[in-house]
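# Summary of the model geometry
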Amino acid sequence: MAQLAELASQIRSKNAGPMHLTLDLFFDDRATYERVRRSNAITRASIAELYGIPEGDVVGIYEMDRVMAIKISLARPVAAGDLDDSDIYGTQQHTPLLELDV
Amino acid sequence: MQSEITILSPLGLLGYGVPEASLERARGEFDIDVIAVDSGSMDPGPNYLGEGKFFADENMVERDLELLLTAAEEEGVPFLTSTAGGGGSGVHLEKLMTIVRRVLEENDLSFTAGKIFTDVEKSLVREKVRSGDVRELGSKQELGEEDIDRTSRIVAQVGATPFIETLEHGADLVVGGRASDLSPFSAVPLSEGFDPGLTYHLSKILECGARATTASSGNDCLVGILGQDHFEVVPPNPDRRCTVESVAAHTLYEKSDPTEIKVPEGTVDISTAEFEQVGDRRVRVTGSTFQPRESHNVLVEGVTKRGYRSITPAGIRDPQIIDRIEPLVDRTHRRVAEMSDVPGDAYNLTVRTYGIDAVSLMDDRTEAQPEELGIIIDAVGDTQEIADTICGFARSSLLHLTFDGRINTGGNLAFPFSPSDVSVGPVYNLSIYHLLEHVDPDVIPDIQLETVGRTDGGEA
């Protein structure tokens, strides 16, 4: 078992428009990418549980083989700039992934 | 049609500081046909659209325009930009044109400017709601009459179509209001018959400047060379490189779905794109395909003023206070509600606790007790006066709240500033962020021509 923070070379979080967050995981080598991809650690259900959101708010999980990256897209609980927003650009919402066990 | 067209993207946003050395290199090493740059985004939040304020610093926008318009005239090529002034409303566009006119006059330049206003009338949005041609885009809310009523300003992300039309009217300086970021880069190639799939995919990479290079910063130039069945991207700055990984990875940036790009005119499938390294610093792309849509779909953004904000930043180091910050904050809320004569529905009070749970959007909190806590008292009221009153009263309450066994009776908060409270100003929300379907491409854009510069201003 290892944590995603040890396996991924980049884990980033950003808004994709004001209504969505998109999280990208990049891997440096194919073996590690394949290990994470095949591990089933990243699913709609596991991400929903990790973030404490309804599964319907996990709008997409994409495996980009060519760049050895995994993308997770979520509906933002509040729109960017709303009164309850705490991260206008959505740059600090990746942290739950850092400790995800694979 | 020419077999190749070269597009220069000087950086990711007008006003972020065009690097002169890279611009000179690009002009020296490439036969540039178009200079295009994005001027704005909804990313910084709805306030800029609501207030008609520029997002990038106006002095820096002027500096960048001076460099780019001088280059465009000397090269004899058109200059195009979209989402003027950051927000892209008519107010923003007019402000940007004031800067453009000044730059042209002071530098003895002359252009035929085409202005594309993309403000949207409420009547169009209402009509689309009635005909059922509105899709929510993640707000999870149906668009209702009340949302439209309370909206103060609406703009549309138009596509390349009005930019092409503006060029066809003879403009060589195109200033667009709110538009798809791809529009200023794609207009000239599309008007000359280049493949739309490749054109839009290249535009998507170029709009972020040099972000698709290994250094991954948008604040530098990127050159795109578009051919009949491929395109190539290369940064003119020799310290930067495009690699297959950097270019392919960029397609993931700020997008929910990495397999396609949507524009009003249709959808680009980029999942079939092939990337090839050409030399050390250049990448060649083939295979992106475009599926046109029969009628346009247009994303509209509308904002409403939510109120006015006042804040007080403060710090806490006392472990007794940090330990019981939640009940202390609760008591502050109650004290404000009970003792202030401001009605409860005229204000919204939040105490943001940095060090515990202020940053996460998802109620993620740290269980460890921090040694130091940062707080921001955040009051939003129907008027600035209400916001100031609530903020001030919350601040004095929290400062002096006492509890059993309290050791430090001096005060609970450390303020960095005097005055401790800051009136922030108007707060806006996105009241409309929806897709209007089946929109006639002529309905929204209002194209106006103007001769600017040496031959003096005037409506053409």
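Preceding block: the structure.
Below is a short write-up of the structure. Keep in mind it's a predicted model, so treat the numbers as computed, not measured. (Residues numbered from 1 in each chain as written. Chains lettered and ligands numbered in written order. Predicted model: local features only at pLDDT ≥ 70, side-chain atom pairs only at ≥ 80, totals over all residues. Heavy atoms only, no water.)

## Re the overall build of chain B
Looking only at helices and strands, chain B features 13 helices and 20 strands. Its C-alpha atoms put chain B at 85 × 50 × 45 Å along the principal axes. Looking at chain B as a whole, 57% of its 460 residues are labelled buried. For chain B, long-range pairs separated by at least 24 residues make up 78% of all intrachain contacts whose partners lie at least 6 apart in sequence. A total of about 18600 Å² of accessible surface is found on chain B, and carbon and sulfur atoms cover 45% of it. When the 40 positive and 79 negative side-chain charges of chain B are each reduced to one mean point, those points stand 6 Å apart. (Helix = DSSP H or I, 4+ residues; strand = E, 2+ residues; numbered from the N terminus. Buried < 20%, exposed > 50% of the residue type's maximum accessible area, 1.4 Å probe, protein only. Contact = heavy atoms within 4.5 Å. Areas by Shrake-Rupley, 256 points an atom, 1.4 Å probe, with all protein chains shown as cover. Lys, Arg positive; Asp, Glu negative; His and termini not counted. Charge placed at Lys NZ, Arg CZ, Asp CG, Glu CD.)

## Overview of the interface of chain A and chain B
Residue-level contacts link 40 residues of chain A with 40 residues of chain B. The contact between chain A and chain B buries some 3300 Å² in all, and 59% of this surface belongs to carbon and sulfur atoms. Area buried by chain A at its contact with chain B is led by Met 19, Arg 66 and Leu 83 of chain A, which between them contribute 22% of it. Note that Lys 14 of chain A is salt-bridged to Glu 254 of chain B, the shortest N-O span being 2.7 Å. In this structure, the connection of chain A to chain B is made through 13 residue pairs in polar contact (both at pLDDT 80 or more). Only β1 (10–15), β2 (20–26), β3 (58–64), β4 (69–75) and α4 (95–98) of chain A provide two or more residues apiece to the side of chain A that touches chain B. Among the residues making up the side of chain A that touches chain B, the classes are represented as 20 nonpolar, ten polar and ten charged. (Buried area = accessible area lost by both parts, 1.4 Å probe. Salt bridge = Lys/Arg side-chain N within 4 Å of Asp/Glu carboxyl O. Polar contact = N/O pair within 3.5 Å; in protein donor to acceptor, adjacent residues only side chain to side chain. Nonpolar A, V, L, I, M, F, W, Y, C, P; charged D, E, K, R; others polar.)

## Quick word on the packing of helix α8 (residues 183–191) of chain B against helix α9 (residues 196–206) of chain B
Residue and element names in this part refer to chain B. One can describe the packing of α8 onto α9 by two numbers: an axis separation of 8 Å at closest approach and a directional angle of 155 degrees. In terms of their interaxial angle, α8 and α9 are classed as roughly antiparallel. Once α8 is placed against α9, the crossing between them reads as right-handed. Each of Phe 185, Ser 186, Pro 189 and Leu 190 in α8 lies in contact with α9, whose residues at this interface are Pro 196, Thr 199, Tyr 200, Ser 203 and Leu 206. Class assignment for the residues of the contact of α8 with α9 results in six nonpolar, three polar and no charged. (Axes fitted to C-alpha atoms, helices over the stretch in contact; angles between N-to-C directions. Parallel < 35°, antiparallel > 145°, perpendicular 65-115°, else oblique. Left-handed = near helix turned anticlockwise from the far one by under 90°.)

## Some remarks on unusual backbone geometry
Residues and elements named next belong to chain B. Residue Ser 418 is joined to Pro 419 through a cis peptide bond whose omega torsion reads 0 degrees. The phi dihedral of Asp 108 falls on the positive side, at around 55 degrees, and the residue is not glycine. Take Asp 108: it is sitting in the loop between α4 (90–106) and β4 (110–117). If you check the backbone angles, Glu 254 has positive phi at about 60 degrees while not being a glycine.

## Details of helix α3 (residues 58–75) of chain B
Working note: α-helix, 3.6 residues per turn, so residues spaced by three or four point in the same direction. Residue and element names in this part refer to chain B. An ideal rise of 1.5 Å per residue puts 26 Å on 18 residues; α3 measures up with 25 Å between its terminal C-alpha atoms. Buried within α3 are the following residues: Val 61, Glu 62, Asp 64, Leu 65, Leu 67, Leu 68, Leu 69, Ala 71 and Ala 72. Against the buried residues of α3 lie α1 (20–29), β2 (34–38), β3 (79–82), α4, β4 and β7 (173–176). For α3, the side-chain oxygen to backbone nitrogen distance between the N-cap and Asn 59 is 3.2 Å, and the N-cap itself is Asp 57. Positive phi appears at Gly 76, one or two residues downstream of α3, with a value of about 70 degrees. (Expected span 1.5 Å × (residues − 1).)

## Points about α1 of chain B
All names here are of chain B. Listed as buried for α1 are Ser 22, Leu 23, Ala 26 and Arg 27. The arc enclosing the buried residues of α1, seen along the axis, measures out at 135 degrees, which places them on a common side. Opposite the buried face of α1, by more than 90 degrees, sit the exposed residues Ala 21 and Gly 28. Those residues of α1 that are buried lie in contact with β1 (5–9), α3 and β8 (222–226). (Arc of directions from axis to C-beta.)

## Observations regarding the pairing of strand β18 (residues 422–439) of chain B
Residue and element names in this part refer to chain B. Counted residue by residue, β18 has 13 buried out of 18 residues, so it is predominantly covered. Relative to β18, strand β5 (residues 134–136) runs antiparallel, the two sharing three bridges. Residue pairing across strands places Val 134 opposite Leu 436, the latter belonging to β18. Inspection of the sheet shows strand β15 (residues 296–316) paired to β18 by 14 bridges, in the antiparallel sense. Note that in β18 the partner of Gly 307 across the bridge is Val 427. (Pairing = 2+ DSSP bridges.)

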